[in-house]
Structures are given as structure tokens and as C-alpha cells.
Amino acid sequence: MTIKDIVKLCAVYLNKEDLLKDEQFLSNQALRETNVLTVCANVVISELACSYLPLIKSEKVTANGKRVYYSSLNERALEILSVKDEQGEDLSFTVLNEYVTVPQSQVVVEYRYLPSNYGLCDEIGYAEEKVPLRLIAYGTIAEYLLTERAFEESLTWRNRYNDMLSIMVLPKNSKIRPRSFV
């Protein structure tokens, strides 16, 4: 799924057919709206990654003096989940401000990350099977309408986004208790 897919679905929901054209044929106004929708989509993806549906990555790294600096990881780490050796055995580690201390030099670090800002043609970190395109489009439209000062419409789209999100992040062990009369 790309940002362009999200922008196109937003254009359909917003009835903005001029945004569905190829980039080279867009008017200045349509180009501006496409850029704003791209920024809004990045805001929604960051919100999802930080608060609701974490993006997780495992990466084999070489420790520098038994330290794995966050800057050496490919993504911006939010939380270190585990550190393992090359055989997959868990290792003890200590999380500090700028690095993680590890007991050996070759380790596999698993971490939650904050995605970088995506461009229009970039693939996002979520697969559509995990996070539906429609969910991100709802949130993107809500953010976009806030920038356009359409507060009532934005609230409607935000409610759609929240409703769909609440279904997706239900705890796996949640059950509806049967009715009983006292």
C-alpha cells in the first residue's frame, strides 16, 4: 500500500476527481491538496504506529563496544522489545538514552519504530491485511478537513476512523458476557 493509494481513496470519498489524475497533469490547487493529504496521511500513520498498531522490526547489528546506538538502527526506535543472539536466545540488555548495552557484539535487536515521513510513491510500513486502506483514509480525511476548517465534517470522519480503529484494537481475549437477570 502506498501513500498514493491512500490519497486516491481520499479523493474518491471527498469527490475530488481532479486528484485522481497523474501527477504531471494536476493543477496547482490539486497539487497543493495532494501534498496536504500526503502530510495528513503521514500524521495518521505515525499516530497508528505510536499509539495503536505498532510497527515492529528485527535487525541484525554489530555492537560498538557492547553498545548498540539508536542511530545505527535503520528506523527510529520507540521501544526496544528484545535482544537475541544469532541462535535466537534472549540476552539481557539495558536501555539507556542514546544506546542499548548488550553482552556481545553480534545481536538481533527487535524494536518498535516510528516510521519516517513517506513520499507519495512510497510503500508504507503496514500491509493492507493488517491495516485496511480505508482506516488510514478515514483518519487522513479527518486531518485534511481540519486543515480546511471544516470542523463538523472532520468530526464525522474522525468518528468513523475511531469506530473502525476500536474494532481493530480489541483485546484478543475480550468476550461479550452473556446477559443475566438479577
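On a predicted model such as this, the values are computed, not experimentally measured, just so you know.

*Asks:* Just give me the short version of the pattern of salt bridges, but keep the residues and values in it.
*Replies:* All told, the structure shown has eight salt bridges when counted by the stated rule. E79 is the salt-bridge partner of R112, the closest N and O atoms lying 3.0 Å from each other. Of this pair, R112 sits in strand β6 (residues 106-114) while E79 sits in strand β3 (residues 76-84), and the two are 33 residues apart along the sequence. Residue E143 pairs with R158 through a salt bridge whose shortest N-O separation is 2.6 Å. Taken together, the residues span a long stretch of sequence, with E143 in helix α3 (residues 133-147) and R158 in helix α4 (residues 151-168) at a distance of 15 residues. When sorted by exposure, E143 lands in the same class as R158, which is buried. Connected via shared salt-bridge partners are E47, E143 and R158.

*Asks:* Can you break down the sheet that holds strand β1 (residues 55-62) residue by residue, with the values?
*Replies:* With respect to topology, three strands assemble into an open sheet ordered β1-β6-β3, the strand pairing being antiparallel. The open sheet has two free edges, formed respectively by β1 and β3, since each of these has just one partner strand. On average, each strand axis in the sheet is inclined to that of its neighbour by 30°, with strand direction left out of account. As paired elements, β1 and β6 share eight bridges and run antiparallel to each other. Of the residues in β6, the one forming a bridge with E59 is V109. Packed onto the sheet, helix α2 (residues 28-52) meets β1, β3 and β6 and runs at close to 120° relative to β6.

Calculation criteria
- Residues numbered from 1 in each chain as written.
- Predicted model: local features only at pLDDT ≥ 70, side-chain atom pairs only at ≥ 80, totals over all residues.
- Heavy atoms only, no water.
- Salt bridge = Lys/Arg side-chain N within 4 Å of Asp/Glu carboxyl O.
- Helix = DSSP H or I, 4+ residues; strand = E, 2+ residues; numbered from the N terminus.
- Buried < 20%, exposed > 50% of the residue type's maximum accessible area, 1.4 Å probe, protein only.
- Pairing = 2+ DSSP bridges.
- Axes fitted to C-alpha atoms, helices over the stretch in contact; angles between N-to-C directions.
- Contact = heavy atoms within 4.5 Å.

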